[in-house]
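So you can see what is in the structure, the chains are spelled out below.
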Amino acid sequence: MTAVVESVDTSRIWSHQALGLHALVDAAGAVRLGGDGEDWARLVPLVEVTATGHGRMWSGERFIETAVGDRLTYRGHETVHDGGLERTTIRLSDPVTDLAADVTLETAADAAALRARVRLVNEGGEPLRLESVSTLTLGGVADAAGGLDGLTLHWADNDWLAECRWRQAPFRERVVPLSRSAHGHEGRGCFERYSQGSWSTGRHLPLAALTDGQGHAWLWQIESSAGWRFETGEREGAAYLALFGPDDAHHQWHHTLARGEEFHTVPAVLVRARTGGLDAAFGHLTDHRRAVRREHPDHRALPVVYNDYMNTLMGDPTTERLLPLIEAAGRAGAEVFVIDAGWYDDAQGWWDAVGAWEPAPRRFPGGLPEVLDAVRRHGMTPGLWLEPEVVGVRSPLARTLPDEAFFRRGGRRVTEHGRHHLDLRHPAARAHLDRVVDRLAGEWGVGYLKLDYNINVGPGTENGGESPGAGLLGHHRAHLDWMASLLDRHPRLVLENCGSGGLRMDYAQLAVTQLQSTSDQQDLLRYPPIAAAAPTAVTPEQAAVWAYPQPEHTLDQIAFTLTGALLGRVHLSGFLDRMNDEQFALVRSALAVYKELRPRIAEARPFWPLGLPAWEDEWIAQGLRGRDATHLTVWRRGAAAAQAPGRDRERTLTVPHLRGARLRPAVLYPTTADAVARWDAASEQLTVSLPRADTAVLLELRPAASE
């Protein structure tokens, strides 16, 4: 290994070759995480903690340079091996408060990803009120020249109908130089993103990256369904980053530790790519996500899901409306049929009456099991929509469950958009939902549950003397445990995670559930940037993308909406029963292509040959890099493009990992788009022609057979 040069005497207590990271301890016992040859002064304490009475040493917006973090000193470490994983726990303690911090660093030998968690224990005699705790910190991030001018910051805004919108800016635009030499201090600010309320991704995705122009990238992810926050800023001429769960300033979270009590942070992940830039970093993160999630047959089978909601029944199902859709979905090749919202109430205004989850007799005169049996007769697994965490204010459950089973603040139940929110730490709340799911999955044979979540309940719940943010974190940990218990009892049950589309798209939940709804976007021309960027937030095989062809669509429109789902999880909808033979054949052919392709999806890594898409981009491209082939979806949008000169009807894409390969690009779907693809091995460029606007194509790039 290359020797480390520091400004103070240090020794290594942990190293990881693929990441190029080391945990270093100095003569005074301070521990910091850094890279090869990094100056000690640029690094950040391994754990940063603010507690009431123990704040920061330099006041501002940053949550680093804390008094407790500065005092934490090394008292030992241990390493265990579990299969291919290595877990090192570094033990620290604060001599003033007697707070102990155990930092667990989890890595695989050949993986460029580090997962961290922190366990705090109060070993002193006085209670300690925590206000923020970092899970992972890193200093010394710099461009190839050792400075900050060449760094680019990447982050993702998220919103209802507009998920996964990646932004980028030069680091120096967001963290400006302040002439530290003139002032003797760093700035007081930083670049930060954080969650707000109970939609963990209602504003931003819990991940971001720093890259330079030489192909280096640092990418991070926080795995929390409750509060989270990250910050990055300047420290001694380099960038630092600090990853947190909830805190008092942003999430109304504080947590008091009495003597002997402990607190565990949410996990956070750091990925490093030394070549290949952002695409390579997301490849490493995809590998990590696959490694940490719960094993389930769905991750390999990837059945085609038909859901009756989107642009179709829209929450108003009946036996009469469903039976033709079931028959058509089965003929088209769907393997799961989900009855979405509305099945539990006879009135269309069911929003504030949900909670009992009993079938509505007027909607299903012969009973809902009759419809579920029809799904099975057509060769599909039946599924249902459920919003388990809420109880409508008009539901009988709102009166029969105790107040303690609901979110409360100031001694009163929280009400949001006509709903109360269950606290799954309470046995009555959990028993109620267990009875519901055991009836649906056990007695009725439902094999798929779409678990939705359509309110932002705010900062959380006050159960006794706890803070709202602590209540929210406690509930979400109970929620994860509850979902895991369902899969323990019903091992083949598939759970789809949905939060008004992608507003709770985090890897606390996605480590348990098998799928993630990527959006509620109903405009097929607005979906491409969401579908293309979805693999930044979720593995491709978990990314449920709507495809909603309609009988009034042209063949190009039908192919366009279907093509966008073929590199993820097809969520089919639309009035297939009303289509003519040519339209229906176009749907069937898309699903046939998907079934041939899907065994490769669960092993492939995503990439973006035109970069991550902007919301209004005319041309968008997203691919999957597999072991024996590369697959690529290319979209061309925009009415103005129909009048563009011929040269604007094609786009050249660079595919570096295929440099020098002899390829014969093949159009997999659709044949109706008149797409043409040409490969130039020397320049590693693929030229794709789409002569009409609002069309898309799925290509396969496979090495040509030897002559």
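Scoring rules and cut-offs
Residues numbered from 1 in each chain as written. Predicted model: local features only at pLDDT ≥ 70, side-chain atom pairs only at ≥ 80, totals over all residues. Heavy atoms only, no water. Helix = DSSP H or I, 4+ residues; strand = E, 2+ residues; numbered from the N terminus. Rg over C-alpha atoms; globule rule 2.2 N^0.38 Å. Buried < 20%, exposed > 50% of the residue type's maximum accessible area, 1.4 Å probe, protein only. Contact = heavy atoms within 4.5 Å. Areas by Shrake-Rupley, 256 points an atom, 1.4 Å probe, with all protein chains shown as cover. Lys, Arg positive; Asp, Glu negative; His and termini not counted. Charge placed at Lys NZ, Arg CZ, Asp CG, Glu CD. Disulfide = S-S within 2.5 Å. Phe/Tyr/Trp six-rings, centres within 6.5 Å; stacked < 30°, edge-to-face > 60°. Core = buried A, V, L, I, M, F, W, Y, C linked by side-chain atoms within 4.5 Å. Pairing = 2+ DSSP bridges. Axes fitted to C-alpha atoms, helices over the stretch in contact; angles between N-to-C directions. Expected span 1.5 Å × (residues − 1). pLDDT = per-residue confidence, 0-100. Salt bridge = Lys/Arg side-chain N within 4 Å of Asp/Glu carboxyl O. Polar contact = N/O pair within 3.5 Å; in protein donor to acceptor, adjacent residues only side chain to side chain.

A. A look at the overall build of the chain. Looking only at helices and strands, one finds 15 helices and 39 strands in the chain. The C-alpha radius of gyration computed for the chain amounts to 26 Å, which stays within 12% of the reference 27 Å derived for 707 residues, consistent with globular compactness. Taken along the three principal axes of its C-alpha coordinates, the chain extends 75 × 70 × 45 Å. Sorting the 707 residues of the chain into buried and exposed places 62% on the buried side. Of all intrachain contacts in the chain linking residues separated by at least 6 positions in sequence, the fraction that spans at least 24 positions is 67%. With the model as given, the accessible surface of the chain reaches about 25,600 Å², and the carbon-plus-sulfur share is 47%. In the chain, 74 side chains carry a positive charge and 92 a negative one; their mean positions are 2 Å apart.

B. Up close: the state of the cysteines. Applying the stated criterion to the full structure yields zero disulfides. Take Cys-164: it sits in no disulfide, and the sulfur closest to it among the cysteines is that of Cys-498, at 13 Å. Of the residues examined, Cys-498 reaches a relative accessible area of 0% and is grouped as buried.

C. View of the packing of aromatic side chains. Scanning the entire structure with this criterion turns up 17 aromatic pairs. Look at Trp-166 and Phe-282: their rings are 5.6 Å apart centre to centre, the planes differ by 85°, and that puts the pair in the edge-to-face class. With Trp-166 in strand S11 (residues 165–170) and Phe-282 in helix H5 (residues 277–292), this pair connects stretches of sequence that are 116 residues apart. Note on accessibility: Trp-166 and Phe-282 belong to one class, buried.

D. Quick look at the nonpolar core. Counting residues in hydrophobic clusters, the biggest one holds 97 residues, and the most contacted among them are Phe-337 and Trp-343. At nine residues, the largest contribution of residues to this core is made by helix H15 (residues 581–601). Within the second largest apolar cluster, 65 residues are counted, among which are Leu-21, Ala-169, Trp-253 and Tyr-453.

E. View of the sheet that holds strand S35 (residues 650–654). Reading across the sheet, the three strands line up as S35-S38-S37 and stay open at both edges, with antiparallel pairing between neighbours. On the outer flanks of this sheet lie S35 and strand S37 (676–680), each paired with one strand and no other. The average angle at which neighbouring strand axes cross in this sheet is 20°, direction not considered. As paired elements, S37 and strand S38 (residues 685–689) share five bridges and run antiparallel to each other. Following the sheet pairing, Asp-680 is matched in S38 by Gln-685.

F. Broad picture of helix H12 (residues 468–489). Taking 1.5 Å of rise per residue, 22 residues should cover 32 Å, and H12 covers 31 Å from first to last C-alpha, within 8% of that figure. Within H12, 18 of the 22 residues are buried, which leaves it mostly tucked inside the rest of the structure.

G. Just the sheet that holds strand S31 (residues 569–572), in detail. Strands sit in the order S20-S21-S22-S27-S28-S29-S30-S31 around a closed barrel of eight strands; the barrel is parallel. The sheet shows a mean angle of 30° between the axes of neighbouring strands, taken without regard to direction. With three bridges joining them, strand S20 (residues 305–307) and strand S21 (residues 336–339) adopt parallel strand pairing. In the sheet register, Asn-307 faces S21, and the bridge partner there is Val-338. Here helix H8 (residues 319–332) sits on the sheet and contacts S20 and S21; the angle it forms with S21, its principal contact strand, is near 160°.

H. Examining the confidence of the model for the chain more closely. Averaged over all residues, the pLDDT of the chain equals 95, while 97% of them reach at least 70. This stretch, residues 1–6, has a pLDDT under 50; its non-local contacts, to residues over four places away or in other chains, come to 16 contacts. Considering only residues more than four positions removed or in separate chains, one finds that residues 640–645, a stretch of pLDDT under 50, has nine contacts.

I. Region of the structure containing the pattern of salt bridges. Per the stated rule, a full pass over the model turns up 52 salt bridges. Residue Arg-91 pairs with Glu-78 through a salt bridge whose shortest N-O separation is 3.0 Å. Of this pair, Arg-91 sits in strand S6 (residues 85–93) while Glu-78 sits in strand S5 (residues 73–82); the two residues are 13 residues apart in sequence, bridging distant segments of the chain. Looking at Glu-78, the relative accessible area reads 41%, which means it is partly exposed. Ionic pairing is found between Arg-605 and Asp-287, a salt bridge with its closest N-O pair at 2.4 Å. In this pair, Arg-605 sits in strand S32 (residues 605–607) while Asp-287 sits in helix H5, placing the two residues 318 residues apart along the sequence. A residue is classified by how much of its surface remains accessible, and Arg-605, at 28% relative accessible area, is partly exposed. Judged by its relative accessible area of 32%, Asp-287 is partly exposed. Through salt bridges with shared partners, one network takes in Glu-78, Arg-91, Asp-102, Arg-119 and Glu-262.

J. Expanded view of unusual backbone geometry. Here the amide bond leading from Tyr-669 into Pro-670 is cis, since omega sits at -10°, within 30 degrees of zero. Inspection of the secondary structure assignment puts Pro-670 in the loop between strand S36 (666–669) and S37. Even without a glycine there, the phi angle at Ser-179 is positive, about 55°. Inspection of the secondary structure puts Ser-179 in the loop between helix H2 (171–174) and helix H3 (180–183). On the basis of relative accessibility, which here comes to 47%, the residue Ser-179 falls in the partly exposed class.

K. Quick look at the side chain of Asp-143. Turning to its location among the elements, Asp-143 is positioned in the loop between strand S9 (128–141) and strand S10 (152–157). Despite its burial, Asp-143 remains without a salt bridge, the nearest opposite charge being carried by Arg-42 at 7.8 Å. A polar side-chain atom of Asp-143 sits 3.0 Å from the main-chain amide nitrogen of Ala-145. In this structure, Asp-143 is in contact with Leu-148, Asp-149, Gly-150, Leu-151 and Asp-212, ignoring residues within four places of it in sequence.

L. Focus on the side chain of Asp-102. With respect to the helices, strands and loops of the structure, Asp-102 is situated in strand S7 (residues 99–108). Within the structure, Asp-102 has its side chain in polar contact with the side chain of Arg-91 (distance 2.7 Å). If we skip the residues at most four places from it in the chain, Asp-102 touches Thr-89, Ile-90, Arg-91, Arg-117, Val-118 and Arg-119.

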